[in-house]
Each structure stands twice: as structure tokens, then as C-alpha cells.
Amino acid sequence: MIQTAQILFILSVLVILHEFGHYLTAKMFKVRVEKFYLFMDAGFSIVKKKIGDTEWGIGWLPIGGYVKLSGMMDESMDEEQLKGEPQPWEFRSKPAWQRLIIMLGGIVVNILLAWLIFTVMYITVGKKIISTDELQKNGLAFGEVGQNVGFKNGDKIMSIDGKHHEDFKFMNMGVLFGDKIEIERDGKKVELLLTDEQKGEIIKKEGKGFVHARFGMNEYFIDSIGKNNTGFERFDEIVGVNGKRFVYSDELSDALRTHKNDSVNLIVLRNNVEVVLRTKVDSTGLAGVNQTYTLVPNEDLKNSFVSTITKNSFAEKYGIELKDEITGINGIKTESYKSLKKILSENKGKEITINILRKGKTLDLKGKLDKKEKLGISFDQKEDKKYTITEKLSLGEAFPEAVSQSWALFKYNVQSLKLIARPKTGAYAQVQSPIGIASRLPDTWNWEFIWNFTALFSIGLAFMNLLPIPGLDGGHALFTIAEMITGRTLSDKAMGYVQTAGMIILLTLMALTFGKDIYQLVANKFF
């Protein structure tokens, strides 16, 4: 529900302001605006009211919005009003340069909105980047697909097409957009060129998560033991194999992959004492994971908050709330997920006191833990402080930085479209409708995230509307520019055909993306 509310809020802000750009420029040149709608009113409106010459309303179909200008062939496909003589208040009676400004008014507002949001955010909460240099200080870890296409664990990405991205959000996507990737490997420079097929494998199987920071060996622990246990105990940590100890978990993964369908001696840390256990490595390179034991991340609870609460759980019954931070159990500090689970395991079926930090205040919640020792909660990180750099900017610094960020996002959209246009990458299959986007939004309301996402989405909307497709602002602008250059215009009949073709293309794309996302949503829920 919160995800739906967030996407509706973001879409409403963007659509209203985009259409207001058309409305404002139309009124500036004395063009009559017949309708101003948030969302589409195909067949009927949720609410409407006529004020002056304009009918203001909200449609029932949340896929955009529109302003209807007198004397213009638009989405309404209203050809009747074009049969008479042009009137002074009509769009078609205005000079081409004025019509062009009206068509671009919404796009300009979207860009200005992004500038405004980024400027305010940089002044208030600061500019935040995930530092590429910090994140890959010890090298990077890659998924199986990433390694198959040529990367190796421990590599550092120095530049893509000659450019070093200081923000890792742009660096990891740049791998898919770029041609030449320069890597530092064991102190030497290596160049990597990915084919479209290899990029397609990354997109299809691992996405942006194909590369991440290296995790230490102490960042995972065994949380549960299966039936085929061969000596493992809960809370064990795997630290090495066949006499060799590792610093990073990817080193362990690499070592196990070289012993597929073989047995190895795992070095296990148990209560600060090393134990050696003989175990079988399967054909995928896993040594008992998910069969004899389960590994879980040892999350840093100092930087985490409660993100979900299971219905009828201990948490719901005894008053734990979303956004709470758990600082201890029975007065004993729980700085890691492992320490929390250990204390809970020692208190099965007992009365416990959970120490909570809620909105800056400390609370003690008491209740009886069942024998399953589960609180019924999960955690999210507040932010990755280890790699995040925050810098508050002055107004003089924030505005040019906001313009620069908006331009970087615009180029990101251009590069995304180029990637989508290359069939071998399969990127076209990842295009999402608002339904798909909403399903990926956080399930808690976060104004900082919402405004940043609105700015990002605003640049995306500006780019999309610039595309020279009939039915979009860019299509109208293209014909107007052609008229300004040649002095000739399309006939009303020809314009009707073009507009119809454009609408068919747009509606088909929308049907495909909405259909795909609805199917995925249903599949995730029921299968």
C-alpha cells in the first residue's frame, strides 16, 4: 500500500507540473486550454470542475495526464474543431515558434523541477555519493556471470571509455553502457571489451548486482543446521579451506569452485577456536550451503532499523514498530545480527526485555519469547555509511552541482535507450511500467528517498517526452521545427494518420510493459 501511495504521489507531482508547463506557456500566448487532467479520463472522470474556459479533473487511469488545447490535434484525436476556420485563441493559429515553446513547456518544467529538488537536497541533507574509490579500495567481488565475461575478484575498475566515475551508482551501470573498461588487476592495467551478448548475460542473470564491494569472511555466519549435518554448529564462521585462510568471502567461493564434486577441509571458527570439518562440494561449487547449513549476513545493527514486521509475531504482539532500532536484549548490547540471534537462542521460552531506540528515545519492551526464538522482523540498512560520502553545499555550490547531476542523468537515459535498442543485450525486457517501479520502492515512507527519486524520474520524463514519436511532445516539436525550416505543414488528414500511428505505438508499448509487470507481480505472489 505504501509503495502504491509513493508511486501515485511521485506521478501526480510530475504529471501536474509537466502539464502546467504546457498550460502556462499556452496561456502566455493566449491559447485556450479546454481541459487540464491528472491521469487519463477515458470514458469518465473521478472528479471534474469547469473554471472559466478550462475543465479541471482527475481521470481514473493513472498513466499520465494531459492538457487539451483548442485547435490542436492531440491524444483526444478531436478532428471536428479543425474543420472550421482557425480562431485567434486556437493553437493552430499561432506562429510556429510559439507552438514550439508550448510543446516544450512541460519538458522545461521537468528539468527545472529536477534542478530545484537537487539544489534543496544538497543544501539540506547534503550531496551523497557511494564513493567508488572507498568501495573498491580492496578490489571488487563479482558474481558468476561477471567472472565468466572476464572480470576477476579483486579487480578495480579504473575507468570506462576513459572516464572515472566517482559515484559507484554510475560506475557499475557504466560497465553496461561503455565499450572499453580499464581494470587494475594485481597492480597491472588490463583492458576488457564486453560484447552485447555478454552484457545481456549480466542484465538477465545478475543486473546491477553483478559487482559489489568485497565482504569479509566474518560478515557471514551459520544460522541453521539441516538434517545432513556433518559437524557444523550454529553460529560457526567459515574462515578457510584446505589449510588456507581467507580475508574475503569471494576468495572462499573461488577456492570451492576449483573443488566441485570433491571433498574439502573447511576451517571453521567456533567460539574463537578453529575447527576443521570435512565436507563435500557439490557441482555448483557450494560446500553444504542450503543443504546441511544456512549462511546469513551478519548485519550491522548499529546502522539498521526494523523494516518489516510479521503478522501475529512477537514483534507485533509486544509493540515493536517499523523504524525501531534494536540496541540490546536484557541490557546486553546487540551490535550485530549474530549477537542478537545468540542472545535470543539463549532465551527460548523466557521473558525478555528488548531495548529499543525509537525517534531518539530509548524504550524497554517486555514479552515472552516462544521456543522458535523468532521476533518476526527483518532489517534494512539506514545507509551504507562505510562507503557513503555526504557533503552539504552552499546555494552557490548546490545549484551548479544540481545542473551537473541532471545532465548526468539525462545522458544516463540516452545510454539506456541505446542499450535497449541493441537486441542482443536483452535490455528491452527490463523496461518497467509504474507497476514494476512501484514494486521496487521501499515499503516505508522516506521523504529524502521520495524527493530524490522524483528528481530522477523528472529527468527521465523529460527525456521520454523529447523522443520524436508522434503523440509525445518531441513528436509535435519535430513537426513544428520541420515547418519552421521548410515553411510547409502536414494536412490535418495526414496529421491525424501520424497521430494515430504514434498512439498505437505508445499504447502497444504500454500494454506490453504493464502486462509484463502485472504478470511478474502475480507470479511473485502466488507461485
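Now for a look at the structure at hand. (Residues numbered from 1 in each chain as written. Predicted model: local features only at pLDDT ≥ 70, side-chain atom pairs only at ≥ 80, totals over all residues. Heavy atoms only, no water.)

Next up on the list: the overall build of the protein chain. Assigned secondary structure in the protein chain consists of 14 helices and 21 strands. Out of the 527 residues in the protein chain, the part that is buried amounts to 45%. Within the protein chain, contacts between residues separated by at least 24 positions form 65% of all contacts whose residues are at least 6 apart in sequence. (Helix = DSSP H or I, 4+ residues; strand = E, 2+ residues; numbered from the N terminus. Buried < 20%, exposed > 50% of the residue type's maximum accessible area, 1.4 Å probe, protein only. Contact = heavy atoms within 4.5 Å.)

Moving on to the pattern of salt bridges. Evaluation of the coordinates by the stated rule reveals 28 salt bridges. Between Lys 35 and Asp 41 there is a salt bridge, with its nearest N and O atoms 3.5 Å apart. Under the relative-accessibility criterion, Asp 41 is labelled buried at 14%. With a closest N to O distance of 3.1 Å, Asp 300 and Lys 302 form a salt bridge. Here the salt bridges do not stand alone but share partners, grouping Asp 223, Arg 234, Lys 341, Lys 348 and Glu 373 into one network. (Salt bridge = Lys/Arg side-chain N within 4 Å of Asp/Glu carboxyl O.)

A separate point is the packing of helix α2 (residues 96-124) against helix α10 (residues 395-420). Interhelical geometry of α2 versus α10 gives an angle of 130° and a closest axis separation of 8 Å. One way to sum up the angle between α2 and α10 is to call them oblique. α2 and α10 meet at a crossing whose hand is right-handed. Of the residues in α10, those in contact with Ala 114, Trp 115, Phe 118, Thr 119, Tyr 122 and Ile 123 of α2 are Leu 395, Ala 398, Phe 399, Glu 401, Ala 402, Val 403, Gln 405, Ser 406 and Leu 409. Across the contact of α2 with α10, the residue classes break down as 11 nonpolar, three polar and one charged. (Axes fitted to C-alpha atoms, helices over the stretch in contact; angles between N-to-C directions. Parallel < 35°, antiparallel > 145°, perpendicular 65-115°, else oblique. Left-handed = near helix turned anticlockwise from the far one by under 90°. Nonpolar A, V, L, I, M, F, W, Y, C, P; charged D, E, K, R; others polar.)

End to end, helix α12 (residues 447-466) covers 28 Å across 20 residues, agreeing with the expected 28 Å (1.5 Å per residue, within 8%). Along α12, the residues classified as buried are Ile 450, Phe 453, Thr 454, Ala 455, Phe 457, Ser 458, Ile 459, Gly 460, Leu 461, Ala 462, Phe 463 and Asn 465. N-capping of α12 is provided by Asn 446, with a side-chain oxygen placed 3.0 Å from the backbone N of Glu 448. (Expected span 1.5 Å × (residues − 1). Polar contact = N/O pair within 3.5 Å; in protein donor to acceptor, adjacent residues only side chain to side chain.)

Across eight bridges, the pairing between strand β12 (residues 263-270) and strand β13 (residues 273-280) is antiparallel. Its bridge partner lying in β13, Ile 267 is registered against Val 276. (Pairing = 2+ DSSP bridges.)

Next up on the list: the nonpolar core. By size, the foremost hydrophobic cluster in this structure holds 30 residues, and its most contacted members are Ile 10, Leu 14, Phe 118, Tyr 122 and Phe 457. Of all the secondary structure elements, the ones that give two or more residues to this core are α1 (2-28), β1 (33-51), α2, α10 and α12. Tallying contributions element by element places α12 first for this core, with seven residues. Among all residues touching Phe 118, those that are not within four sequence positions of it are Ala 402, Gln 405, Ser 406, Leu 409, Asn 452, Ala 455 and Leu 456. Counting residues in hydrophobic clusters, the runner-up holds 25 residues, among them Leu 140, Val 145, Ile 157 and Phe 168. (Core = buried A, V, L, I, M, F, W, Y, C linked by side-chain atoms within 4.5 Å.)

It is worth spelling out the sheet that holds strand β11 (residues 244-245) at this point. The sheet built from four strands is open, its strands ordered β11-β10-β12-β13 with antiparallel pairing. Pairing within the sheet leaves two strands with one partner each, and these edge strands are β11 and β13.

Okay, the sheet that holds strand β6 (residues 180-185) next. Ordered in space as β5-β6-β7, the three strands form an open sheet in which the pairing is antiparallel. With partners counted over all chains shown, the strands left at the sheet margins are β5 (156-160) and β7 (188-193), one partner each. Averaged over all adjacent pairs, the angle separating strand axes in this sheet is 30°, with direction ignored. Summarising the sheet, β6 and β7 pair through six bridges and their orientation is antiparallel. Bridged to Glu 182 within β7 is Glu 191. Strands in contact with helix α5 (residues 168-177) are β5 and β6; relative to β5, the strand with the most contacts, it is inclined by about 65°.

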